Structures are given as structure tokens and as C-alpha cells.
Amino acid sequence: MDFFQAVKNRYSHKERFLPDPVPLSDLERIAQAGLAAPTGNNTQCVRLVILPTREDVQPLCDVSPTEGLRTAPAAIALLTDASTQKGRYNFEVEDYAAAAGNMLLAITALGYASVWLDSPYFGQAEQKAALEALGVPKGYHLRVVLPVGKPDGLGSRRDKLAFSERVSYGRFSEVKA
């Protein structure tokens, strides 16, 4: 799929997935897209855990039983390692967001769907439980889980504001809808 078509087709799939397995080779390609993202000061703080089977995904469902995760045949967890940060700047947020964006586009380009799941892990207890379920040592933070699979149906899509409502030229101008 062409890059711009993948950008246009990407949406947050919050509904059920088909049970069809996702080949490990596709999950690895998605992970490679994430790791190819830009990274502040080249700290490369993003770590990934590929969950290639429904059985691997299930422990996270005990923490966050969202519809998409509950039915996903596979998922990828994005973590950050604070120990990689040097100097006065910390690029963890920027780095994982860039990685997740690349991965969501790769997921779409390969014909799958996903959704960015982060809020289920905002709470301290949920974060701890998810890290334990993934076998992650101290010092890491679970940022996002991306369920991966073929959608069971079209999936709902939200309309985006018009280009002209969000883009200015030369200087900022507030556009009222």
C-alpha cells in the first residue's frame, strides 16, 4: 500500500478483531517500522515486546479488558527505558509517540487494524500489573499497547476536521468552524 493511502486509511479500531493469527514476520516488520522512528539524541529508549499469540495477549486483558485487546490475535507493547536519557532533556514521550505512529501506519499498510491503548495503564496499579504480566524489570514504563489483527467488520471511524480548519499559511490564524 502506498504511504499516503496508509495515512488516509489508518483509524483507531476499537471493535472486535477476527481470530486469524498474524504471522510473526508481519509483527517483526511492524516492530522494525517502530524502531526506525526518529529518537531524541539517538537515545533509542523504546523497547518492544511482541505478543504473537492470543495466549500472549491475554495477561494484558486481565489489566485492561478493552474490546480490541480482548479479541486481538496479537499485540505489541511499547516501553521506554528512562536510563537511556542523557543530559537535561528527556525524549521518552517523543520517542515512543514517533515509534507508535510508524507502527500504526505499518499495521495499516499490511492490511491490519489497531488502536493506540495507553490510558488503561495510566494508573500506578495498572502499570505495575501490566509490567509484571510482561515480565518487564524495574526502570521501564509501559507506554502503549497496539493490538494487531484483521478487523471483524468495517470499524467505526471519526471524521477529521477539514484541512482548512487546521492549517494556516505564513502566520497562525484561528479558524472558527
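Please read all numbers here as calculations on a predicted model, not as lab measurements.

(A) Main features of a nonpolar patch on the surface. On the surface, a cluster of nonpolar side chains totalling about 340 Å² of accessible area is made up of F3, F4 and V7. Mapped onto the secondary structure, F3 falls in helix α1 (residues 3-9).

(B) Spatial organisation of the confidence of the model for the protein chain. For the protein chain, the mean per-residue pLDDT works out to 89, and 98% of the residues sit at or above 70. When mean pLDDT is compared element by element in the protein chain, helix α2 (residues 24-35) scores highest at 97, while helix α7 (residues 163-166) scores lowest at 83.

(C) Structural detail: the environment of Y121. Checked against the element boundaries, Y121 lands in the loop between α5 (92-109) and α6 (124-134). Here Y121 falls in the buried class, since its relative accessible area comes to 2%. For the pair Y121 and V136, spaced 15 residues apart in sequence, the C-alpha separation works out to 14 Å. The contact partners of Y121, leaving out residues within four places of it in the chain, are L60, V63, S64, L69, E126, Q127, A130, L142 and V145.

(D) Expanded view of the pattern of salt bridges. For the structure on display, the rule yields two salt bridges. Among the salt bridges present, the one from R143 reaches E92, with a minimum N-O distance of 3.3 Å. Note that R143 is positioned in strand β3 (residues 140-148) and E92 in helix α5, a separation of 51 residues in sequence. One salt bridge in this structure joins K128 and E132, with 3.9 Å as the shortest N-O distance. Of this pair, K128 and E132 both sit in helix α6, four residues apart, which is roughly one turn of that helix. Each member of the pair, K128 as well as E132, is classed as exposed.

Cut-offs applied
- Residue numbers here run from 1 along each chain, matching the order of that chain's written sequence.
- Local features are withheld for residues below a pLDDT of 70 in this predicted model, meaning they are given only at 70 or higher, and side-chain atom pairs are given and counted only at 80 or more; totals for whole chains, interfaces and linings count all residues.
- Only heavy atoms go into the side-chain values, all of them from the structure, while hydrogens and water stay out.
- A patch consists of residues whose relative accessible area exceeds 30% and which take part in no salt bridge; residues with like charges are grouped when within 9 Å of each other, and nonpolar side chains (Val, Leu, Ile, Met, Phe, Trp, Tyr) when within 5 Å.
- Each accessible area is a Shrake-Rupley estimate made with a 1.4 Å probe; only the visible protein chains count as cover when residues are assessed.
- In the sections that follow, a salt bridge refers to a side-chain nitrogen of Lys or Arg positioned within 4 Å of a carboxyl oxygen of Asp or Glu.
- Here a strand is any run of E in DSSP of at least two residues, a helix any run of H or I of at least four, and the numbering for each starts at the N terminus.
- One number per residue, pLDDT, summarises how confident the predictor is, and it ranges from 0 to 100.
- Classification of residues uses two cut-offs on accessible area relative to the type maximum, computed with a 1.4 Å probe and protein chains only: under 20% is buried, over 50% is exposed, and between them is partly exposed.
- Any two residues having at least one pair of non-hydrogen atoms within 4.5 Å are treated as being in contact.

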